[in-house]
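Read off the chains here:
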Amino acid sequence: MQTIKWTSVLAILVAVSIQGCALKPQKLHLDPEIAVTGDSVATDTLLGLSIVDERPTTLLGEVGDPNAEMVPVSLEEDFIPLLTERVSESVEKRGFSVVPTSDAMTRSLVIKITSLVLNSEKTPFNFQTELLAEVTASARNVNDRYERRYYVRSYQETAGPPFEKHSNQLVNEAVSQALSDMLNDDRLFEMLAL
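For clarity, every value in this text was computed on a predicted model and none was experimentally measured. (Residues numbered from 1 in each chain as written. Predicted model: local features only at pLDDT ≥ 70, side-chain atom pairs only at ≥ 80, totals over all residues. Heavy atoms only, no water.)

A. Structural detail: the side chain of Ser176. Tracing the chain through its elements places Ser176 in helix H3 (residues 164-183). Residues within four places of Ser176 in sequence aside, it is in contact with Pro32 and Glu33. (Helix = DSSP H or I, 4+ residues; strand = E, 2+ residues; numbered from the N terminus. Contact = heavy atoms within 4.5 Å.)

B. Main features of unusual backbone geometry. In this structure, Asp44 takes a positive phi of about 50 degrees despite not being glycine. Following the sequence through the fold, Asp44 ends up in the loop between strand S1 (26-27) and strand S2 (45-53).

C. How the structure looks around the sheet that holds S1. Spatially, the 3 strands line up as an open sheet ordered S1-S4-S3, and their pairing is mixed. Each of the sheet's edge strands pairs with one partner strand only, and the pair in question is S1 and strand S3 (59-64). (Pairing = 2+ DSSP bridges.)

D. Representation of the pairing of strand S4 (residues 70-74) in the model. Across 2 bridges, S1 lies against S4 in parallel orientation. Bridge pairing in S4 places Lys27 opposite Ser74. Where S3 meets S4, 5 bridges bridge the pair, whose relative direction is antiparallel. Paired with Leu59 across the strands is Ser74, a residue of S4. The turn joining S3 and S4, which pair antiparallel and follow one another in sequence, is formed by 5 residues.

E. How the structure looks around the packing of aromatic side chains. Enumeration over the complete set of coordinates arrives at 1 aromatic pair. Taken together, a centroid distance of 5.8 Å and an interplanar angle of 45 degrees make the contact between Phe96 and Phe189 tilted. Taken together, the residues Phe96 in strand S5 (residues 96-100) and Phe189 in helix H4 (residues 186-193) connect sequence positions 93 residues apart. Both residues of the pair, Phe96 and Phe189, belong to the buried class. (Phe/Tyr/Trp six-rings, centres within 6.5 Å; stacked < 30°, edge-to-face > 60°. Buried < 20%, exposed > 50% of the residue type's maximum accessible area, 1.4 Å probe, protein only.)

Coordinates in, geometry out; function isn't part of it.
Here's what the structure looks like:
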């Protein structure tokens with residue numbers, strides 16, 4: 001009788017733990033860290049900054065087991081205010097005084113989040129997941145224009161399908177690297193300093 005009770009309790013615990021590990025639709029949070037190593041190229045030069053989300057959809061992709069269940073991974077939150085704050089701090093380290101952009105500005109930088117795509121594949125031994133990020137910088141001063149795309153791929157292997165924390169890590173790593181590459185682009189900031 002005692003064995004039957006323990007077996008029942010163990011079966012219930014296993015069922016609860018399996019349900020707790022089940023994949024659920026993932027809603028990600030973008031909070032990238034930007035590393036600026038470039039030197040200051042100006043001294044409190046006024047720069048208009050604008051960040052735009054140009055992704056065609058908030059859906060990044062799907063994760064799961066294609067033979068069982070796939071769940072959507074999306075980035076639906078309005079991340080523009082937080083990104084504007086982080087990028088402004090980094091641009092100020094390069095010697096600029098940041099304000100919202102307008103047509104009257106002689107110097108402006110428009111950053112477009114063009115694409116964020118997540119792909120996850122099941123292999124015989126693990127799951128391989130990658131996040132592809134594309135960010136574009138469009139800059140202008142009185143006499144010149146500069147435009148460049150920054151592509152980054154972040155990659156991760158997991159024993160099972162990636163959970164929300166793994167997907168969050170991938171998207172933040174990719175966007176962090178793309179923005180860091182942009183904000184350390186000396187050619188971009190030297191042009192803006194003219």
